[in-house]
Structures are given as structure tokens and as C-alpha cells.
Amino acid sequence: MRRILLGDCADVLPTLPSCFARLMYIDPPFNTGARQKRERIKVTAVDGPGKRGGFGGRRYAVEEAESGASYEDSFDDFEGFLIPRIEAALRCLTEDASVFVHLDSREVHYIKVALDRLLGRDSFRNEIIWAYDYGGRPKNRWPAKHDTILWYALNPDRYVFNFDAMDRIPYMAPELVGAEKAARGKTPTDVWWHTIVPTNSKEKTGYPTQKPLGVLDRIIKVHTDAGDVVLDCFAGSGTTAESAARHDRGFVLIDNNADAVKVMAQRLASYRPELPEGHALAQTGTPPMLF
């Protein structure tokens, strides 16, 4: 199963089969109060004065261009927006499924309490901190350089956790553990250091708030088996699906933003996902793809 669906997940989820996904990962809006967009620039070498300098003293003119992909990220009642959508997705999950909800400090504490009510406190497994080191550093507070990922198991006594599928990371003090352990590395904790998607990376799609494959790879390899299906109903740039497909998992993606669906269709074309029937992508130069 490899599907991309356009629409509000509150409307789309009830149309999907029951019990098909063993993992749901969502990266919903963070309620930043601003429109999420990615600013891009185009630089051109010039003979005269330019705004930016380069190698060998060359000068470059800089032209700013806004990415076409953007979305509103402001909610008066964020919990009232998000929790009913998560609840609607539960019927799509297997009895031993896991739910991962990716947020930041603005709303995570409210959503944690709401998810405890919805899923039960016993179902809560981990608060994972994704830490990164990029961007500006304000001088009036500690720089905010982490997101929070909440993990719940629908059945706290039976869920997928493939310990041996974990990637290994270097020891901070390898001289203290011996050559063999240092060469093997250690398993991660609940604090994950991982860079954001680099600006010049082949992974970069241009979609705002894109998350790195490395973070999704870790979740999908450990919390699903080959052949399982992963559900993402705030799919954005399609990182969840690319990670799933690369590891022989299926995927179902939902997003209400047509720009996001276009980005996903182009990014995932080699995996030949099923697209919405009669979708406008066929009119925007994106070739049709078969299931």
C-alpha cells in the first residue's frame, strides 16, 4: 500500500480501512502563530557591485524568491484541532501499533496531557528529544534547539520494538569503553542529536518544516517490521513515506495542502504511489503514477 491523499485528515481518515497501519507518525503544525514558508534566494555573478561576495573577490546579485509551498500555522484551540484528528486515526491502527506525535515547546505539554486522557497514561512510552544546533541564538534567553516527539503504544504490553534495528552512535568518551565497544558504538537514548535538513542537501525539497530522514529512519526501523504500513496524516514533504519505502514498508500520506501533495508526488515518484483520482497534479506537469 502506497497512497497519497489530498484533504483534511478529519474527512479522509473515516474513509480508510480499519487496522491497516502499525505505526502512525505525525508532524502537525506547531501553532507558531505565523505562516510557515521557506524563503529562497537566487544568486547571479555580476561584473559590478553585488550584494554578496564570493570566491576570488567575485560579486553576486541576490534575488529573493518565496517558496510556493506554505501553510497557516495559527490556532485558537490547538488541542481542539489536533486531538479529534488523532482519535479519528486510531481505528486505522493495528492493536499493537505505536503513535508518534512530533511537536515543540509551544504545545507539547498540553497535548501530552490530552493524549494521556485519550490513550491512557500506561500507553505512554517515551518523550524523545530531537536536539539540533542550527540557526540564530537570541541573547535574552536560552536558544530553543530541540523538538519533542511523544511515543505511545496502543497496547503497552504488546508493541513492536526492534532493538537490534537501532543505529549505533559514537561514545562520547571512547577511550573509557575499550576498542571493541568503541568500534561498535552505543545505542541511542531518548535524546537524539541530529542535524536539520541541510540547505544544500539532496534531501531538501523546499517544503517548510521538512524533517530529516535520519529521524524517521530510526523510528520506522525500530517500531515496524518489513511489509508493515505507516500512516502520516500531516504528511508535508513526504519524509515519512520515503523512509518507509526505503525500508520495505508501505505508506499512506494525507495532507490538506495541494503544494504538499505535489512535493510528495515528485519526491516519491520512483516508488509509484497511488494519487488522488483526477487530481490537478496531472495538469501541473507531474506525470501520473500507478499503484
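Check the entry above for the structure.
Predicted, not measured: the structure shown is a model, and the values here were computed from it. (Residues numbered from 1 in each chain as written. Predicted model: local features only at pLDDT ≥ 70, side-chain atom pairs only at ≥ 80, totals over all residues. Heavy atoms only, no water.)

Draft legend 1. Spotlight on the overall build of the chain. When its secondary structure is counted, the chain shows 7 helices and 11 strands. Counting every position in the chain, which comprises 291 residues, the buried fraction comes to 45%. Long-range contacts, defined here as pairs at least 24 residues apart, represent 69% of the contacts in the chain between residues at least 6 apart. Of the roughly 15,500 Å² that the chain leaves accessible, carbon and sulfur atoms contribute 50%. (Helix = DSSP H or I, 4+ residues; strand = E, 2+ residues; numbered from the N terminus. Buried < 20%, exposed > 50% of the residue type's maximum accessible area, 1.4 Å probe, protein only. Contact = heavy atoms within 4.5 Å. Areas by Shrake-Rupley, 256 points an atom, 1.4 Å probe, with all protein chains shown as cover.)

Draft legend 2. Structural view of the pairing of strand E6 (residues 93-103). Buried residues dominate E6, accounting for 10 of its 11 residues. As defined by bridge partners, strand E2 (residues 21-26) adjoins E6 across 5 bridges and the pair is classed as parallel. The partner of Ile-26 across the bridge, within E6, is Val-101. Where E6 and strand E8 (residues 146-153) come together, 6 bridges link them in antiparallel fashion. Directly across from Ser-98, in E8, lies its bridge partner Ala-153. (Pairing = 2+ DSSP bridges.)

Draft legend 3. Main features of unusual backbone geometry. In this structure, Cys-19 is a non-glycine residue whose phi angle is positive, near 55°. Within the fold, Cys-19 resides in the loop between helix H1 (9-12) and E2. Here Arg-272, not a glycine, exhibits a phi torsion of approximately 50°, which is positive. Inspection of the secondary structure puts Arg-272 in the segment after helix H7 (258-267). Judged by its relative accessible area of 45%, Arg-272 falls in the partly exposed class.

Draft legend 4. Fine view of the packing of aromatic side chains. Scanning the entire structure with this criterion turns up 7 aromatic pairs. For the ring pair Trp-151 and Phe-161, a centre distance of 5.8 Å and an interplane angle of 15° mean the geometry is stacked. On the criterion of sequence distance, the pair formed by Trp-151 in strand E8 and Phe-161 in the loop between E8 and helix H4 (179-184) is long-range, its members being 10 residues apart. Taking the relative accessible area as the measure of exposure, Trp-151 reaches 3% and is therefore buried. Since its relative accessible area comes to 37%, Phe-161 is described here as partly exposed. Pairwise contacts between aromatic rings join Phe-100, Trp-151, Tyr-159 and Phe-161 into one cluster. Lying over the aromatic face of Phe-124, Lys-112 brings its terminal NZ or CZ to 4.2 Å of the ring centre. Arg-218 extends its terminal NZ or CZ atom over the ring of Trp-192, reaching a point 4.8 Å from the ring centre. (Phe/Tyr/Trp six-rings, centres within 6.5 Å; stacked < 30°, edge-to-face > 60°. Lys NZ or Arg CZ within 6 Å of the ring centre and 35° of its normal.)

Draft legend 5. Representation of the environment of Val-191. Tracing the chain through its elements places Val-191 in strand E9 (residues 191-193). Note: C-alpha distance between Val-191 and Trp-130 (61 residues apart in sequence) is 6.0 Å.

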